[in-house]
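# Structural characterization, general
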Amino acid sequence: MTFISDNLKFQLKKVALLAVLFSAVFFGSFYLVSFFDPHPALKTKAITAVQNLAITANDPELQKRAGNDNINLAAFNDWAKINNLSGDNVYDGDPDKDGLPNYLEYIHGTDPNNADTDGDGFSDGVEIGNGYDPDAKGEAMTVVSVEIDKLGVDAPMVWSKTDIEANMLKDLENGLSHFMKTAAPGQNGNMIISGHSSNYAWAKGGYNHIFEKLNDLQVGDIVKIKTVQKNGRMLDYQYKITSKFVTTANDQKIFENTPTPTLTLTTCWPLGTNLKRLIVKAEIVK
Ligand SMILES: [Ca+2]
Ligand SMILES: [Ca+2]
Ligand SMILES: [Ca+2]
């Protein structure tokens with residue numbers, strides 16, 4: 001005796017078969033999506049290297065850190081006079097003890113006799129050393145863009161304030177992303193900047209392929225980092241490429257700090273995948 005008719009059995013079998021097919025397609029697609037996920041798994045190691053200013057008065061590298069603003073001695077002397085700076089160390093001195101020698105106070109348009117030009121509680125030296133605008137109150141960051149002529153790249157740099165991947169991906173919708181707690185432009189240490197090499201067709205943002213051609217860069221090519229402060233000071237830094245390699249997302253070589261200003265560009269590799277990272281390293285030349 002049976003309670004289920006043959007027809008019902010057939011229907012149940014059909015449902016079961018459909019369920020199996022559906023789950024195969026459903027979970028299979030998840031597998032494929034995770035395998036080909038083009039998002040950078042921005043592995044956020046605790047980057048312990050705290051950025052310090054590390055500009056010393058007699059540093060022979062000072063010129064490099066001053067960016068493009070070749071100092072005009074006559075204009076500097078006028079400025080020094082107005083600010084009552086004199087003596088042997090008029091150039092390298094730091095009368096307000098904010099960590100910025102007079103030379104860099106001049107370059108950045110800050111007050112050489114006031115440790116905190118914008119009065120926001122952060123000294124000029126700390127602000128510049130960490131990418132903040134020394135002449136804009138609060139936690140305003142200096143406006144930065146990244147230009148790589150060879151690749152036709154000209155994109156804003158977003159100062160990422162997160163190490164949560166979903167939020168970092170949001171930052172990448174708006175440009176290239178600066179890894180939090182890595183060096184600021186022109187400052188000692190390793191500045192890490194990440195960009196998409198590819199993304200889903202439906203992904204938001206205008207920078208989904210910004211580093212698509214990163215692999216075209218060669219040792220010796222130049223990356224320009226341009227900064228603009230609220231007070232109008234524009235400083236351009238140039239980094240020259242020293243190496244290029246493919247590695248895993250959490251390779252410590254990507255994150256390792258350096259005693260001088262260096263730049264690390266990173267993107268997902270090969271194109272269209274999230275398997276590895278293409279890394280370009282550069283060091284400051286100007
Ligand atoms: Ca100073
Ligand atoms: Ca100052
Ligand atoms: Ca300040």
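Scroll up for the structure.
Presented here is a report on the structure given in the accompanying data block. (Residues numbered from 1 in each chain as written. Chains lettered and ligands numbered in written order. Predicted model: local features only at pLDDT ≥ 70, side-chain atom pairs only at ≥ 80, totals over all residues. Heavy atoms only, no water.)

The subject of this paragraph is the overall build of the chain. Within the chain, the secondary structure is distributed over seven helices and eight strands. Relative to its full complement of 286 residues, the chain shows a buried share of 44%. A separation of at least 24 residues holds for 58% of the contacts in the chain among residues at least 6 apart in sequence. Surface exposure of the chain reaches about 14,600 Å², of which carbon and sulfur atoms provide 58%. (Helix = DSSP H or I, 4+ residues; strand = E, 2+ residues; numbered from the N terminus. Buried < 20%, exposed > 50% of the residue type's maximum accessible area, 1.4 Å probe, protein only. Contact = heavy atoms within 4.5 Å. Areas by Shrake-Rupley, 256 points an atom, 1.4 Å probe, with all protein chains shown as cover.)

A surface patch of nonpolar side chains, about 270 Å² in accessible area, is lined by Val 143, Val 228 and Met 234. Considering the arrangement of structural elements, one finds Met 234 in strand E6 (residues 234-247). (Patch = residues over 30% accessible without salt bridge, like charges linked within 9 Å, V, L, I, M, F, W, Y side chains within 5 Å. Salt bridge = Lys/Arg side-chain N within 4 Å of Asp/Glu carboxyl O.)

Attention shifts here to the sheet that holds strand E2 (residues 153-159). Read around the closed barrel, the eight strands follow the order E1-E2-E3-E4-E7-E8-E6-E5; overall the barrel is mixed. For this sheet, the mean angle separating the axes of adjacent strands, direction not counted, is 30°. Bridging between E6 and strand E8 (residues 276-284) involves eight bridges; their strand directions are antiparallel. Looking across to E8, one finds that Thr 247 is bridged to Arg 277. (Pairing = 2+ DSSP bridges. Axes fitted to C-alpha atoms, helices over the stretch in contact; angles between N-to-C directions.)

The next point concerns the coordination of the calcium ion (ligand 3). Protein ligation of the calcium ion (ligand 3) involves Asp 116 (OD), Asp 118 (OD), Asp 120 (OD), Phe 122 (O) and Glu 127 (OE), the donor distances falling in the range 2.1 to 2.4 Å. Of note, the calcium ion (ligand 3) draws all its donor residues from one chain, in the sequence arrangement D-x1-D-x1-D-x1-F-x4-E. In this pair, Asp 116 sits in the loop between helix H4 (102-108) and helix H5 (124-129) while Glu 127 sits in helix H5, placing the two residues eleven residues apart along the sequence. Note on Glu 127: relative accessible area 1%, which makes it buried. (Donors = N, O, S within 2.8 Å, 3.2 Å for Na, K, Ca; no water.)

This part covers the packing of aromatic side chains. Within the structure shown, the criterion is met by five aromatic pairs. Seen in terms of ring centroids, Trp 79 and Tyr 106 are 5.2 Å apart; in terms of plane orientation they differ by 65°. Their pairing is edge-to-face. In this pair, Trp 79 sits in helix H3 (residues 73-82) while Tyr 106 sits in helix H4, placing the two residues 27 residues apart along the sequence. Both residues of the pair, Trp 79 and Tyr 106, belong to the buried class. Across from the ring centre of Phe 245, 4.9 Å away, lies the NZ or CZ of Lys 253, which sits over that ring. (Phe/Tyr/Trp six-rings, centres within 6.5 Å; stacked < 30°, edge-to-face > 60°. Lys NZ or Arg CZ within 6 Å of the ring centre and 35° of its normal.)

Of all hydrophobic cores here, the largest spans 35 residues; its most connected members are Ile 148, Ile 193, Ile 225, Leu 263 and Leu 265. Elements that contribute at least two residues to this core include exactly H4, strand E1 (143-148), E2, strand E4 (189-194), strand E5 (222-228), E6, strand E7 (261-269) and E8. Counting only domains with at least three residues in this core, you end up with domain 1 (62-129) and domain 2 (143-284). Excluding anything up to four places from it in sequence, Leu 265 contacts Ile 148, Ile 193, Phe 211, Leu 214, Leu 217, Val 223, Leu 278, Ile 279 and Val 280. (Core = buried A, V, L, I, M, F, W, Y, C linked by side-chain atoms within 4.5 Å. Domains from an automatic or database assignment.)

Take the coordination of the calcium ion (ligand 2) next. Protein-derived coordination of the calcium ion (ligand 2) comes from Asp 96 (OD), Asp 98 (OD), Glu 105 (OE), Glu 105 (OE), Asp 111 (O), Asn 114 (O) and Asp 124 (OD), at a distance range of 2.3 to 2.6 Å. Spacing between the donor residues of the calcium ion (ligand 2) along the chain follows D-x1-D-x6-E-x5-D-x2-N-x9-D. In this structure, the calcium ion (ligand 2) lies 4.2 Å from the calcium ion (ligand 1), and both are coordinated by Asp 96. Comparing Asp 98 with Glu 105 shows no difference in burial state: the two are buried.

Glancing now at helix H6 (residues 165-172). Note: α-helices contain 3.6 residues per turn, so residues at a spacing of three or four share the same orientation. Met 168, Leu 169, Asp 171 and Leu 172 are the residues of H6 that are buried. Viewed along the axis of H6, the buried residues span an arc of 155°, placing them on a single side of the element. Elements in contact with the buried residues of H6: E2, strand E3 (176-178) and E4. (Arc of directions from axis to C-beta.)

Applying the stated rule across the entire model yields three cavities of 30 Å³ or more. Estimates place the volume of the largest cavity at around 120 Å³. Lining the largest cavity are 17 residues; nearest its centre among them are His 108, Ile 128, Thr 142, Pro 185 and Thr 227. Classifying every residue of the lining of the largest cavity by side-chain character gives nine nonpolar, six polar and two charged. (1 Å grid on protein atoms, 1.4 Å probe; cavity = no way out; pocket = protein on both sides within 12 Å on 5 of 7 lines; lining within 4 Å. Points joined across faces, edges and corners; volume = space filled by probe spheres on them. Nonpolar A, V, L, I, M, F, W, Y, C, P; charged D, E, K, R; others polar.)

So, about the side chain of Thr 182. Inspection of the secondary structure assignment puts Thr 182 in the loop between E3 and E4. Polar contacts involving the side chain of Thr 182 include one to the main-chain amide nitrogen of Ile 192, which spans 3.2 Å. (Polar contact = N/O pair within 3.5 Å; in protein donor to acceptor, adjacent residues only side chain to side chain.)

Worth remembering: the numbers are spatial, not functional.
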